[in-house]
Amino acid sequence: MKKFSLVEFSVGHPRLVVAIAVLITLGFLTQFPKIRTDTNPKNMLPPTSDVRVWNDEVEKTFGLYEDMIVVGIANEAGILNEGTLGKVVHITDEALRIKGVAARDVNSFSTITNVTAEAGVLRIAPLMAEPPAGPDLENLRKNLFENPLFVNRIISADGKTTAVYIPLEKGANGKEIADRLRDIVNKEGGPEKYYITGDPVARDTFGSEMFKLMGIFSPISGMVMFAAACIMFRSFLFPVFIMMPAMMIIIWSMGLLIGMGFPIHIMSSMSPVFLMAIATDSIHIFNEFYFRCREKKDKRAAIIETMKAVGTPLIYTDITTAAGFASLLFANIIPVKVFGFGIAFGTLALLLSSFTLVPALLTLIDIEKLKSAYEKEDIRVSKTSFFLQRLGGLGTGRPKTVAVIGLILCIVAIIGITKITVNNNMVEWFKKDSDVRTADSVINRALGGTSLGYVVAISDEDGYMKTPEAMRYIEGLQRHLEGLPAVGKTSSVVDYVKRINRVLHDDDPKYDTVPDSKDEIGQYLFLFSMSAKSSDLDNVVDYPFGKANIWVQLKSWDVAAMRSVIEAANEYKASHPEKFELKPAGTAYFNLVWNDDVLWDMLKGFIVALIAVFIILAFNFRSVKWAVVGYVPLLFTILLIYGAVGYMGKDFDMPISVLSCLSLGMAVDFAIHFISRLRQRLTETGYGNPHETKPLIEALLWTAARPGKGIMRNAVLFASAFSVMLFAPLTPYITVGAFIVSMMILSAILTMIYLPAMIVLFRRRLFGGG
């Protein structure tokens, strides 16, 4: 089969090709009603992964809930008044009735277990059955502030903030329950302010907003691209044909993922905009077609000649882009794999459409309607082509200066890269003035923190956790962890034992200690278990008393916070040898593992892609030397972009890590188009003497002016597609939008200036002259 037989078939049967494409699109559209979202980090790891298995085991052993919502109630005049306490009781009662809430384990003033003693008899009951007044109010104040289990958990140290902790049943939607809670608190009057936060609130709210943005921004992105294409080509019909393949591959790719049962997560939610932008690679066909129409005056000949000129570069650019994203299939994180697969599939679908659907659409165009537009596509009169020649002239005229400036910028960028901090924080994916972020900030300042992690102490000896040695070891570890800036509060079985010991000794503070005998500790725990909620003890120790669970409340969702807890626990263990092991768990730990795995996966995929892209370049150019030259804009773009990240102090998080694969694919795409068309031009002009600079410079300037126009149009359309993300309410979308816009313009400019400079400087090596 001849190389361009697909093109010739499509030109000969355009309506058939378009009809087939439409039928395929309709087929994929039938999958869209099955769409669902999932932003739970737990589901992003394989079910058999060690971390997920361990976390599930911890939740089962200690009867823990995966998700918890926190309702903060603040009153500048103080919480301890009859009016505010009445609202706390009412909000708690209403929360207990919400479907999906684990009512038996909701904790607030009216439901939390309070340990006291009367006449030497242990009394365990809810802290507050009803809002107190007068002397009872003072008694409540005493019970609150003299009990370390309560301070910074359900009452702030200044007495102005309290919280209702609402665990969710498995599968409950955090956003829906948070919305119900907002309806409840909005009906309360008075001076109090209410804040609703927690991991499920942030996660499910993000998922809901993400779904909306995917539906809103994709069409807006398409409209912006359409408007930009109308201006570029001075035609309405041409942009329609540019957008059709883009919209189709989005439907194909997303329909395939949905049909295969994959949920939409943050990465795949960006896929439509990524695919819309990647589809701009076909702009090189339309760009060259305009020039060929003016030269050939025959539509069929113009199409065939266009595809012969740009076909090979298109094949290799799309293959390199697909390889960049396909490298993510080596990842461990499921959404990373899905994202890479979806974009790679869409890119290959675009490649197929470039040789079938696009030529078919061009065949259906009435060429006479384009005449007034394509007649202006003359590099001798086009202002855009003249500007691009000037850019290329900077590289050809002062190649050594350009090379030195580039080297200096790279050194500066590398210094910036060393300043990058790796971190993920889902709460900070919302804008500063958002309800989610505001609520999280207020609760973290006032109370122990909304991010929850665990440190599990594991002994090989059943009953060991009831020994004074184990109790004191855990107590020491708690104090050590509480010294960390990110830790707001810790709690464990030790706190219950100390509290019982104190109240059974007439509330004497000197008995706020761990008893000296294992039997006494065992008796206290037995008495407590007889009257308290089962979860009170189950949450902190297992039944054989071989494992203990330390709750660690963190004041930040930064993964660095949980990392500091793990490091501090290891330091304590190293300096205090004991008979048990310390292992982290909980949502905060899971977020840390997810963060590290995602970023490592992206880095691993990026390295694999770098190698694959170089091999593809060498194969395409049939030369390692030309492959190295083609690598220059790619490496410079990546260095400069990530150097800027370091200098800006922006965390290297999951959204930014995704950009590495895209920056690799797009930067090298421009280089492939530029070098391939330059070598075609040199072959046409018979250039072969590397000592002759003038013919080479003329060819470079022609490449900058004509194929370069396609590169610049590609960059502008790509940037325009992502510019809409700058107006998103979620910061990852803003970040991706800002960096893609910067990256595309920078990559195109580097291709126009730096490639000509490198080719002139190393012409003898490239063309065999030494």
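Above this text sits the structure in question.
Per chain, the residues get numbers from 1 upward, laid out in the order the sequence is written. With pLDDT at 70 or above as the cut-off, local features in this predicted model cover only qualifying residues; side-chain atom pairs require 80 or more to be listed or tallied, and sums for whole chains, interfaces and linings still use all residues. The basis for every side-chain value is the complete set of non-hydrogen atoms in the structure, without hydrogens or water.

Caption draft 1: Broad picture of the nonpolar core. What is meant by a nonpolar core is a set of buried Ala, Val, Leu, Ile, Met, Phe, Trp, Tyr and Cys residues, joined one to another through side-chain atoms within 4.5 Å. Each residue's exposure class comes from its accessible area (1.4 Å probe, protein chains only) as a fraction of the maximum for that residue type: buried when under 20%, exposed when over 50%, partly exposed otherwise. Core analysis: the biggest nonpolar cluster contains 261 residues, and Phe109, Ile166 and Leu181 have the highest contact counts within it. Here Phe109 is in contact with Ile79, Leu80, Leu85, Val88, Leu127, Met128, Leu144, Ile154, Ile155 and Thr162, once residues within four sequence places are set aside. For this analysis, residues touch if any pair of their heavy atoms sits within 4.5 Å.

Caption draft 2: Spatial organisation of the environment of Asp507. Helix numbering and strand numbering both begin at the N terminus, where a helix is a DSSP run of H or I of at least 4 residues and a strand a DSSP run of E of at least 2. Structurally, Asp507 is set in the loop between helix H20 (493-503) and helix H21 (518-531). With 391 residues separating them in the primary sequence, Asp507 and Thr116 have C-alpha atoms 8.4 Å apart. Contacts of Asp507, omitting those with residues within four sequence positions, involve Lys142, Glu146, Arg499 and Arg502.

Caption draft 3: Inspection of the packing of helix H25 (residues 624-648) against helix H29 (residues 731-761) at higher detail. A fitted line through C-alpha atoms serves as each axis, taken over the contacting stretch for helices, and the angle formed by two N-to-C directions is quoted from 0 to 180°. At their nearest, the axes of H25 and H29 sit 9 Å apart, and the two run at 140° to each other. When the axis of H25 is compared with that of H29, the two are oblique. The two elements H25 and H29 meet at a crossing, and its hand is right-handed. Contacts between H25 and H29 pair Trp626, Val629, Val632, Pro633, Phe636, Thr637, Leu640, Ile641, Val645 and Met648 from the former with Phe739, Ser742, Met743, Leu746, Ser747, Leu750, Thr751, Tyr754, Leu755, Met758 and Ile759 from the latter. Three residue categories are used. Nonpolar comprises Ala, Val, Leu, Ile, Met, Phe, Trp, Tyr, Cys and Pro, charged comprises Asp, Glu, Lys and Arg, and polar comprises the others, including Gly. In the contact of H25 with H29, the residues fall into 17 nonpolar, 4 polar and no charged. Should an angle fall under 35 degrees it is called roughly parallel, over 145 degrees roughly antiparallel, and 65 to 115 degrees roughly perpendicular, with every other angle called oblique. By convention, the crossing between two helices is left-handed when the near helix turns anticlockwise from the far helix through less than a right angle, and right-handed when the turn is clockwise.

Caption draft 4: The arrangement of the environment of Ala569 in detail. Along the chain, Ala569 turns up in helix H23 (residues 559-575). Looking at Ala569, the relative accessible area reads 5%, which means it is buried. C-alpha separation for the pair Ala569 and Leu678, spaced 109 residues apart in sequence, amounts to 61 Å. Contact partners of Ala569, with chain neighbours within four places excluded, come to Leu477, Leu481 and Leu582.

Caption draft 5: The pattern of salt bridges, seen in detail. A carboxyl oxygen of Asp or Glu within 4 Å of a side-chain nitrogen of Lys or Arg is what we treat as a salt bridge. Taken as a whole and assessed by the stated rule, the structure comprises 22 salt bridges. When the shortest N-O distance is used, the salt bridge between Lys175 and Asp179 registers 2.8 Å. With Lys175 and Asp179 both in helix H6 (residues 174-186), this residue pair falls 4 residues apart, about one helical turn. Under the relative-accessibility criterion, Asp179 is labelled partly exposed at 28%. We note a salt bridge from Asp179 to Arg182, for which the minimum N-O separation is 3.0 Å.

Caption draft 6: A look at unusual backbone geometry. Unlike most non-glycine residues, Asn152 shows phi in positive territory, near 70°. Of note, Asn152 is situated in the loop between helix H5 (135-145) and strand S4 (161-168). Taking the relative accessible area as the measure of exposure, Asn152 reaches 24% and is therefore partly exposed. The residue Phe545 is not glycine, and still its phi comes out positive at about 60°. Position of Phe545 among the secondary structure elements: in the loop between helix H22 (534-538) and strand S8 (547-554). Relative accessible area serves as the criterion here: at 13%, Phe545 is assigned to the buried category.

Caption draft 7: Up close: the packing of aromatic side chains. Aromatic rings from Phe, Tyr and Trp, with only the six-membered ring used for Trp, were paired whenever their centres fell within 6.5 Å, and each pair was classed as stacked if the ring planes differed by under 30 degrees, edge-to-face if by over 60, and tilted otherwise. Throughout the structure, instances matching the rule amount to 12 aromatic pairs. When the ring of Tyr496 is compared with that of Phe528, the centres are 4.7 Å apart and the planes differ by 35°; the resulting orientation is tilted. Remark: Phe528 occurs in helix H21 and Tyr496 occurs in helix H20; sequence separation between them is 32 residues. With respect to class, Tyr496 is no different from Phe528; both count as buried. Here the aromatic rings of Phe636 and Tyr754 are separated by 4.6 Å at their centres, their planes lie at 55°, and the arrangement is tilted. You can see Phe636 sitting in helix H25 and its partner Tyr754 sitting in helix H29, a full 118 residues away along the chain. Of the two residues, Phe636 and Tyr754, neither departs from the other in class, the shared state being buried. Taken together, the aromatic side chains of Tyr464, Tyr473, Tyr572 and Phe580 make up a single cluster linked through ring pairs. Comment: the charge-over-ring label is applied if NZ (Lys) or CZ (Arg) is within 6 Å of the ring centre and within 35 degrees of the ring normal. Sitting above the plane of the Phe619 ring, Arg622 keeps its charged end 4.6 Å from the centroid. Over the face of the ring belonging to Trp702 we find Arg681, whose NZ or CZ atom lies 4.4 Å from the ring centre.

Caption draft 8: Representation of a nonpolar patch on the surface within the structure. Residues forming no salt bridge and having over 30% relative accessible area are the ones grouped into patches, like charges within 9 Å of each other and nonpolar side chains (Val, Leu, Ile, Met, Phe, Trp, Tyr) within 5 Å. Residue-level accessible areas treat just the shown protein chains as cover; the underlying method is Shrake-Rupley with a 1.4 Å probe. Taken together, the side chains of Val404, Leu407, Ile408, Ile411, Val412, Ile415 and Tyr647 define a hydrophobic patch exposed on the protein surface, amounting to about 650 Å² of accessible area. Looking at the nonpolar patch element by element, the count peaks at 6 residues for helix H17 (residues 399-417). As for its position among the elements, Ile415 is in helix H17. Overall, the relative accessible area of 44% leaves Ile415 in the partly exposed class.

Caption draft 9: Quick peek at the sheet that holds S8. A pair of strands is labelled paired if DSSP reports no fewer than 2 bridges between them. The antiparallel open sheet is built from 4 strands, whose spatial order is S7-S8-S6-S9. Looking along the sheet, the strands with just one partner apiece sit at the ends: strand S7 (487-491) and strand S9 (580-585). Adjacent strand axes in the sheet meet at a mean angle of 20°, parallel and antiparallel pairs treated alike. With 8 bridges joining them, strand S6 (residues 451-459) and S8 adopt antiparallel strand pairing. Paired with Tyr454 across the strands is Trp551, a residue of S8. In this fold H23 packs onto S6, S7, S8 and S9, with an angle of close to 175° to the strand it touches most, S9.

Caption draft 10: Structural detail: the side chain of Ser110. Turning to its location among the elements, Ser110 is positioned in the loop between helix H4 (82-96) and strand S2 (113-118). In contact with Ser110, other than residues within four places in its own chain, are Val89, Thr92, Pro126 and Met128.

Caption draft 11: Fine view of the pairing of S6. Burial runs high along S6: 9 of the 9 residues are buried. Because side chains alternate across S6, one face comprises the buried residues Ser451, Gly453, Val455, Ala457 and Ser459, and the other comprises Leu452, Tyr454, Val456 and Ile458, equally buried. Relative to S9, S6 runs antiparallel, the two being bridged by 6 bridges. Among the inter-strand pairings, Ile458 is bridged to a residue of S9, identified as Glu581.

Caption draft 12: Main features of the packing of helix H1 (residues 5-12) against helix H12 (residues 299-326). Between H1 and H12, the shortest axis-to-axis distance is 10 Å and the interhelical angle comes to 155°. It follows that H1 is roughly antiparallel to H12 by the angle criterion. Relative to H12, H1 is oriented so that their crossing is right-handed. Two secondary-structure elements touch here, H1 through Val7, Glu8, Val11 and Gly12 and H12 through Arg300, Ile303, Ile304 and Met307. Counted by class, the contact of H1 with H12 contains 5 nonpolar, 1 polar and 2 charged residues.

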